[in-house]
Amino acid sequence: MEANGRDDLKKPLLQDADAVAINVAQLSDTRNKKIRTLLFKVNGITCASCSNSIESALGKLKGIESATVSPLQGQAVVKYVPELISAKKIKEAVEDTGFLVDEFPEQDIAICRIRIKGMACTSCSESVERALSMTDGVKKAVVGLSLEEAKVHFDPNITSTSRIIEVVEDAGFGADIISSGSDLNKVHFKLEGINSPDKFTAIQCCLNALEGVNTVEINHQEHIVTISYEPDIIGPRTLMQCIQEVGNGSSTYRASLFIPPRQREIEKEHEIHTYRNLFLWSCLFSVPIFVFSMVLPMLPPFGNWIEYKVINMLTVGLLLKWILCTPVQFVIGRRFYAGSYHALRRKSANMDVLIALGTNAAYFYSIYIMIKALTSNSFEGQDFFETSPMLISFILLGKYLEVLAKGKTSDALEKLIELAPETAYLLTMDGAGNIISETEISTQLIQKNDVLKIVPGAKVPVDGVVINGHSYVNESMITGEARPVSKMPGDKVIGGTVNENGCVLIKATHIGSETALSQIVQLVEAAQLARAPVQKLADKISRYFVPTVVLTAVVTWLGWFIPGALGIYPSSWIPKGMSVFELALQFGISVLVVACPCALGLATPTAIMVATGKGASQGVLIKGGNALEKAHKVKLVVFDKTGTLTVGKPTVVSAVLITNITMKDFCDVTISAEANSEHPIAKAVVDHAKKLRLKHGVENDYHLEIEDFEVHTGAGVSGRVGERKILVGNRRLMHAFNVPVSSEVDNYISEHEHLARTCVLVAVGEKIAGAFAVTDPVKPDAARVVSFLHSMDITSVMVTGDNWATARAIASEVGIQMVFAETDPLGKADKIKELQLKGTPVAMVGDGINDAPALVAADVGMAIGAGTDVAIEAADVVLIKSNLEDVVTALDLSRKTMSRIRLNYVWALGYNVLGMPIAAGVLFPFTGIRLPPWLAGACMAASSISVVCSSLLLQSYKKPLHPRVN
């Protein structure tokens, strides 16, 4: 977005392909009909007669409740009953009158967002997405695992939100409606003075009768009414007034703005506490089992009591382990049984199935050992009671850490929303433009065309146009431009930006979901919800691995039991004290235990845990495994300019004297003139002038006061210090006061403008006394980082909201060949998508709020740590120390980590591939070697230990590129 808002803000920044919002209205108490409101444009209307003819044609159609056509705006508002007439027939009726219909969808499409509970992996999200996509009437469904949300586009004539909820629940997951439409065009009121259902009905009927109201929902218990409306037609204060007017007479109704609690935060906190408590309870039982199994047997004097036999060969230790293990297996671990049940119902196998099989194999074989020990006075066997609770404990710890990390996902959206101020000053004007009153109201009550007062230091509440006053507005969160932009009457202002100094009056042009800030929020939300390439290897392996292992175990058991029962192999093969059935069962159990998914489940998370911890110690915060996996494929890095490649703060890099004035006098008059200016360049000049004064022996901050001070918008400032006229500004200011610009000054200006620097000229009297060159300096490590990335076969690109001259100069300085300049936030995201279309994984490095859409649109978003919280929360990788060298570190660490994960899978599956044939008894007929379940458990533990040790080797990782020490 260009300076002074020259882009046409009358068009929403994020336009949907179907510009018509169609919502299901609340069922009326008086008429059992569903009423929908349809908005569309009609081209060719020249007078009121044209609009009357269209209204007349529509009024003759059955199912049309009302039709209003504006001859000035060319907009039609039609309320109709979808059971009696379709939107398509309405369009045809208008076209039959000889007018062209624009912005009209070919079919009715509604959108709802659903919160989904219980998704554990990508297999779960794919199952939900598949179930929704197969539902009649659903046009498109996108499920986001990290957000735990689904966005569903559906035809309300065929299906409904309640049916969509049922589909999700039938798939085995919990579901709640977040919204059915845009929350940004909804308003909630708390009702007071109502004590009967009839009064609720009267309010609902009154609201439904208003033009522009889509739905009205009333919570009778809480006395809260929720209204969905069209901001082009009606506003929240009008709705509030309507409610209060219903109560005129014997009753008095009062409506106040109600802000509903953030349900997502409440549910996230509950989930975090649930997993934490489950883990602690599991540890309470698992630690004693571990002590009984692994520690006490190694301490004979202290562990002898656990070998005390209670009945036959049943020992105290075995009995205690069974008592402690059972609650973990069936109470704490019941979620794995539920997950396995739903996965098997969907004819798939996820990690829950693997966990349930592994723990059950260990538990029930241990039960078998315990029963044999109870009934025999000579049987000796090894139980696996410690395997099940320890495995469940580690898995719950992983889930707890995962939920903690996922809780940060929505923080970016929350911070974006919080950019808008809570209140604004509403002005009431008379016909002559005089201010009658000033009222502080909530920003949610602002309506289009409201006149608002923006005081210095305040945030602009909504998008609008300046109608009075002059100021500088900091738009860095939208445009990326570090310098505040001058705003005069007729200029556009953007909601969420900060007014620097002057007081201005604006007229609201865009509210709710149409503001630039809301568009960015929606874009970030959509990008986070969109399906990204994620790590699916473990789930893919488990999909075939589980059935294969189970089938192999059954075949092993039958392969030993049937031949043994038929006497095909000699009875001498059967160990003493065992039957054919027990030998075959032991072989089958050994196959299941040796192929336990413990190591498979540890292969990825242990490597990611070590890599993210090591990355944090090296100044790189990586948000989970998805970012690591995607980062190792990156072949193109896109850098933002301001604050990323550059410092992000205007700095004076050169000061020169033109006349015979002394440096002290030159600095004194400059400080006097610029001290009253709030412009960031003026502040940089003042700071530099003060340093020069100190350098020349002046230690106090005293300076002469300036008189007749005047700001010349876009040019500089002027005033009088003593008898001398002082001008501080650009070349335009000098020309305006007829101050000659010599060739020496002109050459100085040209030289520095070529380097993308801003020249500030200082004139004393009628002559230019000196000049300052101001720039946003390039970070010292930028060129070295770009060069090193090139050596890694990674291409660097720069995208910025700044002008082309600055962009090209900076790119040339750091060695970047490909540049995109003068791009707004949506433009940055579009550039990312264009580069992705070439099949190249793209990383985006940025620091500002304006970079948030591009950060989430990129395969990997990297935020500079010193940048804004929103950019940091929206990114996948945060450079904590703000060192650009850490971009290299993040990419290199991701490559090392993915290589380590692949090696982990070799360890995890290697034991299974080698151990399963031995466990199945392949070597037993020839060598007498068999792998009993306890030894199979040792192999399983060895595979897990190997995976963990392999991951721990990442602790030795060192940065490939270190910051230079000044």
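Predicted, not measured: the structure shown is a model, and the values here were computed from it.

A.B. asks: Can you lay out the overall build of the protein chain for me, pointing to particular residues and giving the numbers?
C.D. replies: Per the secondary structure count, the protein chain includes 32 helices and 36 strands. For the protein chain, the residues scored as buried account for 52% of the 966 residues in total. Within the protein chain, residue pairs in contact and separated by at least 24 positions form 69% of the contacts whose partners lie at least 6 positions apart. Approximately 43200 Å² of the protein chain is accessible, and the part contributed by carbon and sulfur atoms is 56%.

A.B. asks: So, the packing of aromatic side chains: which residues are in play, and what are the values?
C.D. replies: Scanning the model with the defined rule gives 15 aromatic pairs in all. Note on Trp 573 and Phe 924: the rings are 6.4 Å apart at their centroids and 85° apart in plane angle, and the pair reads as edge-to-face. With Trp 573 in the loop between α16 (537-565) and α17 (580-594) and Phe 924 in helix α31 (residues 924-927), this pair connects stretches of sequence that are 351 residues apart. Since its relative accessible area comes to 27%, Trp 573 is described here as partly exposed. Each residue in the set Phe 330, Tyr 337, Tyr 363, Phe 364 and Phe 385 is aromatic and connected to the rest through ring pairs, giving one cluster.

A.B. asks: Any chance you could break down the sheet that holds strand β2 (residues 64-70) for me, citing the residues and the numbers?
C.D. replies: Read from one edge of the open sheet, four strands run β2-β3-β1-β4, paired in antiparallel fashion. A single partner strand is all that each edge strand has here, and the edge strands are β2 and β4 (100-102). Mean inter-strand twist for the sheet, computed between neighbouring axes without regard to direction, equals 30°. As paired elements, β2 and strand β3 (residues 75-80) share six bridges and run antiparallel to each other. Residue pairing across strands places Val 69 opposite Ala 76, the latter belonging to β3. Sheet strands touched by helix α2 (residues 87-96): β1 (36-43), β2, β3 and β4. Its angle to β1, the strand with the most contacts, is close to 30°.

A.B. asks: Got a sec to walk through a nonpolar patch on the surface? Specific residues and values, please.
C.D. replies: A surface patch of nonpolar side chains, amounting to about 600 Å² of accessible area, comprises Leu 357, Val 550, Val 554, Leu 558, Ile 562, Leu 566 and Ile 568. By residue number, the principal contributor to the nonpolar patch is α16, which donates four residues. Checked against the element boundaries, Ile 568 lands in the loop between α16 and α17. Ile 568 sits in the exposed class, given a relative accessible area of 62%.

A.B. asks: Describe helix α21 (residues 663-674), with residues and values.
C.D. replies: Compared with an ideal rise of 1.5 Å per residue, which puts 12 residues at 16 Å, α21 spans 16 Å between its outermost C-alpha atoms and is within 8% of the ideal. Taken as a whole, α21 has its buried residues at Met 663, Phe 666, Cys 667, Asp 668, Val 669, Thr 670, Ile 671, Ser 672, Ala 673 and Glu 674.

A.B. asks: Describe the UniProt feature "transmembrane region" (unreviewed entry) in the protein chain, and please don't skip the residues or the numbers.
C.D. replies: Under the present numbering, the feature "transmembrane region" (unreviewed entry) in UniProt falls on residues 278-299, 311-332, 353-375, 387-405, 544-563, 583-604, 905-928 and 934-954. This span, residues 311-332, is 77% helix and 14% strand, and a straight line between its end C-alpha atoms measures 29 Å.

A.B. asks: Explain helix α10 (residues 334-345) to me, and be specific about the residues and the numbers.
C.D. replies: If you check α10, its first and last C-alpha atoms are 17 Å apart, about what 12 residues at 1.5 Å a residue would give, namely 16 Å. Listed as buried for α10 are Phe 336, Gly 339, Ser 340 and Ala 343. Looking straight down α10, one finds that the buried residues subtend no more than 100° of arc, so they occupy a single side. Along α10, the residues that are exposed and aim more than 90 degrees away from the buried face are Arg 334 and Tyr 341.

A.B. asks: Break down the pattern of salt bridges for me, with residues and values.
C.D. replies: Counted according to the given criterion, the structure contains 14 salt bridges. As a salt-bridge pair, Asp 668 and Lys 664 come within 3.0 Å of each other at their nearest N and O atoms. Of the two residues, Asp 668 and Lys 664 both sit in helix α21, four residues apart, roughly one turn of that helix. Judged by relative accessible area, Asp 668 falls into the buried class, the value being 15%.

A.B. asks: Kindly report on a negative patch on the surface, identifying the contributing residues and their values.
C.D. replies: A grouping of Glu 707, Asp 708, Glu 710 and Glu 723 is seen on the molecular surface, where their side chains present a negatively charged patch. Looking at where Asp 708 falls in the secondary structure, it is placed in strand β27 (residues 707-712). With relative accessibility at 57%, the residue Asp 708 sits in the exposed group.

A.B. asks: Tell me about the packing of helix α5 (residues 197-208) against helix α6 (residues 236-246), and please be specific about residues and values.
C.D. replies: One can describe the packing of α5 onto α6 by two numbers: an axis separation of 10 Å at closest approach and a directional angle of 140°. Taken together, α5 and α6 sit at an angle that is classed as oblique. Like other packed secondary-structure pairs, α5 and α6 cross with a definite hand, here right-handed. Facing Ala 202, Ile 203, Cys 206 and Leu 207 of α5, the residues of α6 in contact are Leu 239, Cys 242, Ile 243 and Val 246.

A.B. asks: Can you tell me about the pairing of strand β35 (residues 860-864), naming the residues and giving the values?
C.D. replies: The element β35 is largely enclosed, with a buried count of five among its five residues. The sheet contact formed by strand β34 (residues 842-846) and β35 spans four bridges and is parallel. Each bridged residue has a counterpart across the sheet, and for Met 844 the counterpart in β35 is Gly 861. By the bridge criterion, three bridges tie β35 to strand β36 (residues 877-879) in an arrangement that is parallel. Bridge pairing in β36 links Met 862 to Val 877.

A.B. asks: Which residues make up the sheet that holds strand β28 (residues 716-721), and what values go with them?
C.D. replies: If you trace the six strands from one edge of the open sheet to the other, you get β26-β31-β30-β29-β28-β27, paired in antiparallel fashion. Each edge of the open sheet is held by one strand with a lone partner, namely β26 (651-657) and β27. For this sheet, the mean angle separating the axes of adjacent strands, direction not counted, is 15°. Contacts between α21 and the sheet are confined to β26, β27, β28, β29 (724-729), β30 (758-764) and β31 (767-775), with β29 contributing the most and set at about 75° to the helix.

A.B. asks: Any chance you could break down the side chain of His 153 for me, citing the residues and the numbers?
C.D. replies: On the secondary structure map, His 153 appears in strand β7 (residues 149-154). Not counting chain neighbours up to four residues away, the residues in contact with His 153 comprise Ile 109, Ala 110, Ile 111, Gly 137, Val 138, Lys 139 and Lys 140.

A.B. asks: Outline the environment of Phe 924, supporting the account with residue identities and numerical values.
C.D. replies: Judged by its relative accessible area of 8%, Phe 924 is buried. Separated by 351 residues in the primary sequence, Phe 924 and Trp 573 have C-alpha atoms spaced 8.5 Å apart.

A.B. asks: Explain unusual backbone geometry to me, and be specific about the residues and the numbers.
C.D. replies: With a phi close to 60°, His 223 is a non-glycine residue in the positive phi region. Relative to the assigned elements, His 223 resides in the loop between β10 (213-219) and β11 (224-229). Here His 223 falls in the partly exposed class, since its relative accessible area comes to 21%. For Asn 738, which is not glycine, the phi dihedral falls at a positive 60°. By secondary structure assignment, the location of Asn 738 is in the loop between α23 (731-736) and α24 (743-754).

Criteria and thresholds
- Residues numbered from 1 in each chain as written.
- Predicted model: local features only at pLDDT ≥ 70, side-chain atom pairs only at ≥ 80, totals over all residues.
- Heavy atoms only, no water.
- Helix = DSSP H or I, 4+ residues; strand = E, 2+ residues; numbered from the N terminus.
- Buried < 20%, exposed > 50% of the residue type's maximum accessible area, 1.4 Å probe, protein only.
- Contact = heavy atoms within 4.5 Å.
- Areas by Shrake-Rupley, 256 points an atom, 1.4 Å probe, with all protein chains shown as cover.
- Phe/Tyr/Trp six-rings, centres within 6.5 Å; stacked < 30°, edge-to-face > 60°.
- Pairing = 2+ DSSP bridges.
- Axes fitted to C-alpha atoms, helices over the stretch in contact; angles between N-to-C directions.
- Patch = residues over 30% accessible without salt bridge, like charges linked within 9 Å, V, L, I, M, F, W, Y side chains within 5 Å.
- Salt bridge = Lys/Arg side-chain N within 4 Å of Asp/Glu carboxyl O.
- Expected span 1.5 Å × (residues − 1).
- UniProt positions renumbered as here; feature names shortened; annotations may be inferred.
- Arc of directions from axis to C-beta.
- Lys, Arg positive; Asp, Glu negative; His and termini not counted.
- Charge placed at Lys NZ, Arg CZ, Asp CG, Glu CD.
- Parallel < 35°, antiparallel > 145°, perpendicular 65-115°, else oblique.
- Left-handed = near helix turned anticlockwise from the far one by under 90°.

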